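Residue-level structure breakdown
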Protein chains: 2
Amino acid sequence: MKFSRQRAAILSFLQSRKDHPTAELVYTNVKEEFPNISLGTVYRNLNQLAEAGMITKHSFGDLGIDHFDYNTNPHQHFVCSCCNAVIDLPAEHNDFSFIDKEAAKGFDGLIQGHRLYFCGICRGCLDQREN
Amino acid sequence: MKFSRQRAAILSFLQSRKDHPTAELVYTNVKEEFPNISLGTVYRNLNQLAEAGMITKHSFGDLGIDHFDYNTNPHQHFVCSCCNAVIDLPAEHNDFSFIDKEAAKGFDGLIQGHRLYFCGICRGCLDQREN
DNA sequence: TATAATAACAGTAATCATTACTGATATATG
DNA sequence: CATATATCAGTAATGATTACTGTTATTATA
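Residues numbered from 1 in each chain as written. Chains lettered and ligands numbered in written order. Predicted model: local features only at pLDDT ≥ 70, side-chain atom pairs only at ≥ 80, totals over all residues. Heavy atoms only, no water.

1. Comments concerning the overall build of chain A
- Per the secondary structure count, chain A includes five helices and five strands.
- Reading the helices (α) and strands (β) of chain A from amino to carboxyl end gives α-α-α-β-β-β-β-α-β-α.
- Principal-axis analysis of the C-alpha atoms places the extent of chain A at approximately 55 × 50 × 25 Å.
- Split into buried and exposed, the 131 residues of chain A put 40% on the buried side.
- Considering only intrachain contacts with a sequence separation of at least 6, the fraction spanning at least 24 residues in chain A is 45%.
- When the accessible surface of chain A is split by element, carbon and sulfur atoms take 49% of a total near 7400 Å².
- Of the charged side chains in chain A, 13 are positive and 16 negative, and the gap between their average positions amounts to 8 Å. (Helix = DSSP H or I, 4+ residues; strand = E, 2+ residues; numbered from the N terminus. Buried < 20%, exposed > 50% of the residue type's maximum accessible area, 1.4 Å probe, protein only. Contact = heavy atoms within 4.5 Å. Areas by Shrake-Rupley, 256 points an atom, 1.4 Å probe, with all protein chains shown as cover. Lys, Arg positive; Asp, Glu negative; His and termini not counted. Charge placed at Lys NZ, Arg CZ, Asp CG, Glu CD.)

So this is what it looks like as structure tokens:
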């Protein structure tokens, strides 16, 4: 795996954001430094970086668009059903791995894990609704 | 909302299956009774039925294809990462709504619910691996 | 440091699931 | 039964993502 300047820029941009950009957003931002970069290159790199475990790819069913996360530590996500923002939950109460054992009761098959995210309205959208 | 024969057939097919067919699968099956039916009609009806609360639409991020469920009672799902089958979990230990309150601790925003499904290897794929 | 092997690139075309559009047809209601 | 309109079949368009291709950049090695 060679380390191109484009890949460095993509990784660096992802590192600079605590939200979870889409490939399109990565593209438009990295484009400022590399005007010729192509969207395919962004996708390929994001997927390779995810494959290598350096970033995480999140596919939220509701959104239909993949989001990429520089933070590979296990943590929970919240998706605002109003503005579609993806927000990290505080790390305190986030170990829900026990539900795998719970779900395995009476199930004939091997449960290896789960996909989970929370839905609702974020602070920003709540404030706007008050007006 | 008028009740067309096509919509009846779509609903009836969905009722006959305990798995969770995709629009494509519904299409190929209903096509036997209505050779001229179009895929767009299937999608439109499935979405309208879901909108009306008569069926449920599931968007599993890993799969990228929507699945439709005649059973609207709340229950949990298992997705086989080997054959992509969607299987209902037994109803006993399936109320995980308490995790919403857990996740809300320390989060500034309104958590209204969550999306959850389990991943692993189904019985059929486990048996095949033994050989 | 020069060179050769090849991973990665930009650009473009293709794919796949899904939705939107259009004129014709079927369904429900008065 | 007639009228209004929801739904239809067929087709085109969309949007996210992936695949292809000939060229360029990176890395290992001599």
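2. So, the protein's contact with DNA strand C
- In the neighbourhood of DNA strand C, 22 residues make up the surrounding shell, with Lys2(A), Ser4(A), Thr41(A), Arg44(A) and Tyr43(B) lying closest.
- By atom count, sugar and phosphate contribute 79% of the portion of DNA strand C lying within 4 Å of the protein.
- One of the backbone nitrogen or oxygen atoms of Ile37(A) is found 3.5 Å away from a phosphate oxygen of DNA strand C.
- Contacts to DNA strand C include Arg5(B), whose side-chain N or O atom sits 3.2 Å from a phosphate oxygen.
- Of all the elements in the fold, those that place two or more residues in the surface near DNA strand C are helix H1 (5–15) and helix H3 (39–51) of chain A together with helix H3 (39–51) of chain B.
- Counting residues per element, the surface near DNA strand C draws most heavily on H3(A), which supplies four residues. (Near = heavy atom within 4 Å. Polar contact = N/O pair within 3.5 Å; in protein donor to acceptor, adjacent residues only side chain to side chain.)

3. A few points about the interface of chain B and chain A
- Chain B puts 35 residues into the contact, and the matching count from chain A is 35 residues.
- Contact between chain B and chain A buries roughly 3100 Å² in total, counting both sides, with carbon and sulfur atoms accounting for 65%.
- Seen at the junction of chain B and chain A, the total is four salt bridges.
- Linking Arg123(A) and Asp108(B) is a salt bridge whose minimum nitrogen-to-oxygen distance equals 2.9 Å.
- Secondary-structure elements contributing two or more residues to the side of chain B that touches chain A are helix H4 (98–104), strand E5 (109–122) and helix H5 (123–130) of chain B.
- Sheet topology note: the strand E5 (residues 109–122) of chain A/E5(B) ladder contains 13 bridges and is antiparallel. From the neighbouring strand, Tyr117(A) faces E5(B), where its bridge partner is Arg115(B). (Buried area = accessible area lost by both parts, 1.4 Å probe. Salt bridge = Lys/Arg side-chain N within 4 Å of Asp/Glu carboxyl O. Pairing = 2+ DSSP bridges.)

4. Examining the packing of H1(A) against helix H2 (residues 23–33) of chain A
All names here are of chain A.
- Two elements in contact, H1 and H2, have axes whose closest approach is 10 Å; the angle formed by their N-to-C orientations is 120 degrees. Overall, the two elements H1 and H2 adopt an arrangement that is oblique. The way H1 lies across H2 gives a crossing that is right-handed. Facing Ala9, Ile10, Phe13 and Leu14 of H1, the residues of H2 in contact are Leu25, Val26, Asn29, Val30 and Glu33.
- For the contact of H1 with H2, the per-class residue count stands at seven nonpolar, one polar and one charged. (Axes fitted to C-alpha atoms, helices over the stretch in contact; angles between N-to-C directions. Parallel < 35°, antiparallel > 145°, perpendicular 65-115°, else oblique. Left-handed = near helix turned anticlockwise from the far one by under 90°. Nonpolar A, V, L, I, M, F, W, Y, C, P; charged D, E, K, R; others polar.)

5. Considerations on the domain arrangement of chain A
Residue and element names in this part refer to chain A.
- If you check the domain split of chain A, you get domain 1 (1–71) and domain 2 (73–131).
- Between domain 1 and domain 2, the C-alpha centre-to-centre distance is 22 Å.
- Between domain 1 and domain 2, the contact holds 11 residues from the first and 10 residues from the second.
- Contact with domain 2 buries area across many residues of domain 1, yet His20, Phe60 and Asn71 alone supply 57% of it, more than any other trio.
- Remark: the boundary between domain 1 and domain 2 carries zero salt bridges.
- Remark: the boundary between domain 1 and domain 2 carries eight residue pairs in polar contact (both at pLDDT 80 or more).
- In the side of domain 1 that touches domain 2, the residues fall into two nonpolar, five polar and four charged. (Domains from an automatic or database assignment.)

6. Describing H1(A)
- Within H1(A) the residues assigned to the buried category are Arg7(A), Ala9(A), Ile10(A), Leu11(A), Phe13(A) and Leu14(A).
- On its buried face, H1(A) sits against H2, H3 and strand E2 (66–69) of chain A.

7. Digging into the environment of Ala50(A)
Residues and elements named next belong to chain A.
- Along the chain, the position of alanine 50 falls in helix H3.
- Spatially, the C-alpha atom of alanine 50 lies 8.4 Å from that of phenylalanine 68, the residues being 18 residues apart in sequence.
- Excluding residues within four positions of it along the chain, alanine 50 makes contact with Ile55 and Lys57.

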